[in-house]
Amino acid sequence: MVPAPIRGGRSCGLCGAGPGGSAVPRSVPGTDRRGSRSVPGTDPRGSRSDPQGPAPPRYRPAAPGVRAMPGSRCPLPALPVLRWLPRYSRAWLPLDVLAGLAVGLTAVPQALAYAELAGLPLQYGLYSSFMGCFVYCLLGTAKDVTLGPTAIMSLLVSSYAFQQPAYAVLLAFLSGCVQLAMGLLRLGFLLDFISCPVIKGFTSAASITISFNQVKNILGLQGIPRQFFLQLYETLRRIGETRAGDALLGLSCLAALAGLRAMKSRLPQAVPTAPPAVRISHLIVWICATARNALVVLFAGLVAYSFQVMGCQPFRLTGSIPQGLPPFRPPPFSLAVPNGTVPFPSMLQDMGVGLAVVPLMGLLESVAIAKAFASQNGYRIDPSQELLALGVANVLGSFVSSYPITGSFGRTAVNAQSGVCTPAGGLVTGALVLLSLAYLTSLFYYIPKAALAAVIISAVVPMFDAGIFRRLWRVQRLDLVPLCVTFLLCFWEVQYGIVAGVLVSGLLLLHSIARPPIKVSEGAVLLVQPGSSLHFPAVEHLRSSVCSRALAAASPARPVLLDCSHVSSIDYTAVLGLAELLQELHGHGLPLAFCALQEPVLQVLLSADLEGFQHFPSREEAGEALAALPGWERCRELGGSGAEPPASPAQSTGLIQ
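Residues numbered from 1 in each chain as written. Predicted model: local features only at pLDDT ≥ 70, side-chain atom pairs only at ≥ 80, totals over all residues. Heavy atoms only, no water.

**Digging into the nonpolar core**
Line of reasoning, step 1. Counting residues in each nonpolar core, the largest one holds 106 residues, and the members touching the most others are L112, L126, L156, V157, F202, I210 and M361.
Line of reasoning, step 2. Looking at which element gives the most residues to this core, the answer is helix α13 (residues 354–377), with 10 residues.
Line of reasoning, step 3. With near-sequence residues (within four places) excluded, L126 lies in contact with V108, A111, L112, V433, L437 and F444. (Core = buried A, V, L, I, M, F, W, Y, C linked by side-chain atoms within 4.5 Å. Buried < 20%, exposed > 50% of the residue type's maximum accessible area, 1.4 Å probe, protein only. Helix = DSSP H or I, 4+ residues; strand = E, 2+ residues; numbered from the N terminus. Contact = heavy atoms within 4.5 Å.)

**So, the pattern of salt bridges**
Line of reasoning, step 1. Scanning all chains against the criterion turns up 11 salt bridges.
Line of reasoning, step 2. Two residues, R237 and E234, come together in a salt bridge whose shortest N-O distance is 2.9 Å. With a gap of three residues between them, R237 and E234 both fall in helix α8 (residues 228–237), about one helical turn apart.
Line of reasoning, step 3. The closest approach of N and O atoms between R471 and D465, which form a salt bridge, is 2.6 Å.
Line of reasoning, step 4. Take R471: its relative accessible area is 33%, and that puts it in the partly exposed class.
Line of reasoning, step 5. With a relative accessible area of 16%, D465 lands in the buried category.
Line of reasoning, step 6. Each of K200, D465 and R471 takes part in one network of salt bridges that share partners. (Salt bridge = Lys/Arg side-chain N within 4 Å of Asp/Glu carboxyl O.)

**Focus on the packing of aromatic side chains**
Line of reasoning, step 1. Under the definition given, this model contains 20 aromatic pairs.
Line of reasoning, step 2. Between the aromatic rings of F173 and F333, the centroid separation amounts to 5.6 Å while the plane-to-plane angle is 90°, which identifies the pairing as edge-to-face. In this pair, F173 is assigned in helix α5 (residues 165–184) and F333 in the loop between α11 (292–309) and β2 (335–337), connecting sequence segments 160 residues apart.
Line of reasoning, step 3. Residues F487 and F491 carry aromatic rings whose centres are separated by 5.1 Å and whose planes lie at 90° to one another, so their mutual orientation is edge-to-face. Taken individually, F487 and F491 each receive the classification buried, so the pair is uniform in this respect.
Line of reasoning, step 4. A connected cluster of aromatic rings, assembled from ring pairs, spans F212, F228, F229, F469, F487 and F491.
Line of reasoning, step 5. The ring of W473 is capped by R477, whose NZ or CZ atom sits 4.0 Å from the centre of that ring. (Phe/Tyr/Trp six-rings, centres within 6.5 Å; stacked < 30°, edge-to-face > 60°. Lys NZ or Arg CZ within 6 Å of the ring centre and 35° of its normal.)

Now the structure itself:
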């Protein structure tokens, strides 16, 4: 998911960079860098400058041998919080507090809704919403990212935790351990094997699955199974049992959320020179649109409470939520059941492939969001540090009964658009969640489930990317295969869709390695040009491509020139295959020469000490050398022209062109 462009680009406390990513030098208030006075609100040249706070201090050049922070020249401390805390400005505090409050007002209702989606008691959504805020403030490298429960993680938890809080908390602990290990071993590159079509297929299918999962709450139906196809069948079969009150409230909440979202997207940017009344009106509209989830849930709760006072209740309510903070204790490594105890190995076996899917998807979602917002807001992140931050957040979160968390796209967008300057905004968000747990849970009793369902549907509908099918059809149709496989199988089981999509993408990748494009050009010399590196699956393909042309009965005898300008690496099996090709061609009296070898490939071939191996820096020199051989004088035309011999459309081979 690629977020929409974020307005602004002000210098931030985390990186000390403006939109271009360069450090902003310090200047004395009221003066420019040359010491002359400047008018407040303008730069030294008289143009308007950012009125929302002073520029961060200038970084000092790093000492020799000291690693500099990305995008700046300052030394990079081991703890990310030390990169921005020593130069924290009071001018950033109001922006961080405002952003933290805006995210908190979004996080609390979403936490309740996502816990419902995960099949857990609602308090577990709040338990999962504060630890990530505090940990990321210390260990995160992106000023905008907020960690917490998300729709994707909740959907995965519902598949692997079996609606058991003990499984969900243990899954958070084990996922954090996997993420920590990947961060320490710098294995983040493994995420690159999950291709964009697989991600798009998964998120689009998840959007439909999650939305339809909430239809039962919109309609007020109970006893609907969680499997998608059974859910679809049962919902349609029991559509006549719809509760009018829940349906009316749920649809009204959906309409209100859609309207507030559209209002925010069309809200013009505030003009600092506008009259105070206009600026205040703009701020009120912005706050209402940003905190739309909290406003809709609050309104629905007031409506439900009013009916409760009148002695009738047309809505299905959330019910009682335990008040108070969660106890700090280790995650459960066994589960007591009526017939005995489920031991730790059995719990691991029950979660199965979820132990890999959940941490990988969490990392993928969080790092992708961090990279996208860092790119748009003009700073850089450390992906390995992001893995560590997420791993620590999940491990520590499991000690306060959290289920797996990751970066939230929606709340991160709210954070960025609120003008957050540093990760300190997460402290305000976490504090707001803790206050809700300590004092407000009794008020959550009256929140209708239809309102929470509307919050979830409003959050996940933008995840569906209908245009990806059209774009892939136009750009690369082969990528439609993993996209469709992932998309369709995710309706059956999420893990099957992801695993199958990754496998199909891997097979396509392996096929491109095993069958690289090989261009064979006819002429006085048979010119063979592999289009990529040579590895052991491609050796036989190369040999057959050369021999089918060079040794064909209708083909005239001529030297073979292997142009390796596109070959950047080669393995031992490929070297053996080239040795056999040399012997086979020499046995038929045909010379084989190599040209344009890159240095690593040349060193490998020289070390192999191939019999009859000869190489030249360019095609021209190869043509001159081959022309000097007895009987091959016509090869001189290759060296004289310096151009590639003409090739007809029928003179190229290779399964992937």
